[in-house]
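Residue-level structure breakdown
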Amino acid sequence: MSVNGGRGRGGRRPTLEEVAARAGVGRGTVSRVINGSPRVSDATRAAVEAAVAELGYVPNTAARALAANRTDAIALVVPEPETRFFAEPYFSDMLHGVGAELAETETQLLLIFAGNDRERRRLAQYLAAHRVDGVLLVSVHADDPLPDLLAQLEIPAVISGPRSAAETLTSVDSDNYGGARAAVEHLLSRGRTRIAHITGRPDVYGAQRRVDGYRDALRAAGQEPDELLVEPGDFTEEGGRRAMSALLSRRPDLDAVFAASDVTAAGARQVLREEGRRIPDDVALVGYDDSAIARHMDPPLTSVRQPIEQMGRTMISLLQSEIAAAGRGPQQRHTVLPTQLVPRASS
């Protein structure tokens with residue numbers, strides 16, 4: 001058997017007709033075998049597959065997609081600056097899960113950033129031309145116009161984390177509320193009584209749910225939440241630094257911090273050390289995501305693990321269902337995956 005990278009004599013790509021002649025069958029039979037039709041005998045399938053291998057025939061997926069009114073491409077759209085995408089492990093883990101789920105398919109994945117108005121306008125033009133079969137939306141803020149644009153264009157879409165409880169797009173999320181409750185309950189069980197919270201972006205629904213979980217855990221323990229112990233962040237390291245400085249200036253007696261991300265916790269830790277606070281002796285620290293940052297921090301960071309790679313895989317699975325059901329309206333399914341607290345030395 002020879003392998004020639006899909007090129008026949010003289011570097012020419014073998015044709016469907018040549019495969020049919022080699023296998024001793026008709027062109028339509030070859031097409032059925034390539035497209036996985038069950039209406040072919042085992043012997044015929046074996047003959048066609050042998051001819052494909054011998055000739056190095058590569059199916060013209062672009063032509064097949066065009067005939068089916070499909071592009072065999074999906075877009076992973078990130079409405080954030082590229083710098084944030086490459087700085088935060090959340091995005092790379094999500095991309096890994098998406099890529100792993102697509103590995104055995106012929107679908108192309110396009111990574112598109114839409115972190116400013118110019119990029120969003122360019123994206124809108126690209127999507128309006130229907131150059132992709134579907135879209136995955138990651139890290140969407142409450143006022144982002146992209147989900148509504150996708151609905152108007154009737155492009156199948158799945159969103160990572162709903163914009164609100166009334167989300168109209170199919171969504172995949174982790175249990176932000178339960179994860180936050182587990183983090184605070186853990187700190188309470190360690191005898192901490194003045195627990196601060198550095199939030200994520202206030203316009204992100206998942207961040208709002210973590211605040212809800214934080215407050216409800218305190219109330220369940222008989223503590224009324226102290227708003228002086230809550231400081232807005234933005235999931236970034238610098239945001240963690242700013243928020244930690246503000247909290248210490250208002251409540252220097254705090255004895256624990258629950259940060260909305262591991263990256264935020266890393267920024268908070270820097271300020272705590274600069275102020276001479278020992279972790280966990282003086283201030284216990286808990287993050288969120290259970291990223292590599294948590295494991296490599298000194299001391300190792302207690303964190304809430306959310307199954308980010310599995311979220312990416314689930315998003316692909318749901319999007320494929322949306323694409324298959326195109327024209328029959330969105331499925332509007334909402335999947336919430338469980339989280340898990342991972343205790344380490346920081347608390």
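That block above? That's the structure.
This section reports on the structure supplied with the text. Fair warning: this is a prediction, and the values are worked out from it, not measured in the lab. (Residues numbered from 1 in each chain as written. Predicted model: local features only at pLDDT ≥ 70, side-chain atom pairs only at ≥ 80, totals over all residues. Heavy atoms only, no water.)

1. Section: the packing of aromatic side chains
Here a ring pair, both rings aromatic, is described through the centre-centre distance and the interplanar angle of the planes. Overall, the coordinates contain six aromatic pairs when judged by the stated rule. With centroids separated by 5.1 Å and ring planes inclined at 85°, the aromatic side chains of Phe-85 and Phe-86 adopt a geometry described as edge-to-face. For Phe-85, a relative accessible area of 5% puts it in the buried group. Ring geometry for Phe-258 and Tyr-288: centres 6.4 Å apart, planes at 45°, overall tilted. Note that Phe-258 is positioned in strand β8 (residues 256–259) and Tyr-288 in strand β9 (residues 284–289), a separation of 30 residues in sequence. (Phe/Tyr/Trp six-rings, centres within 6.5 Å; stacked < 30°, edge-to-face > 60°. Buried < 20%, exposed > 50% of the residue type's maximum accessible area, 1.4 Å probe, protein only. Helix = DSSP H or I, 4+ residues; strand = E, 2+ residues; numbered from the N terminus.)

2. As for the pairing of strand β5 (residues 170–174)
Along any regular strand, the residues point their side chains to alternate faces of the sheet. Within β5, five of the five residues are buried, which leaves it mostly tucked inside the rest of the structure. The alternating pattern of β5 places Thr-170, Val-172 and Ser-174 and Ser-171 and Asp-173 on opposite faces, both of which are buried. In terms of strand pairing, strand β4 (residues 157–160) meets β5 through three bridges, oriented parallel. When the sheet's bridge partners are listed, Ser-160 is paired in β5 with Val-172. With four bridges joining them, β5 and strand β11 (residues 334–337) adopt parallel strand pairing. Among the inter-strand pairings, Ser-171 is bridged to a residue of β11, identified as His-334. (Pairing = 2+ DSSP bridges.)

3. Quick look at the environment of Ile-34
With respect to the element layout, Ile-34 can be found in helix α2 (residues 27–34). Judged by relative accessible area, Ile-34 falls into the partly exposed class, the value being 24%. Along the primary structure Ile-34 and Glu-49 are separated by 15 residues, whereas in three dimensions their C-alpha atoms are 8.4 Å apart.

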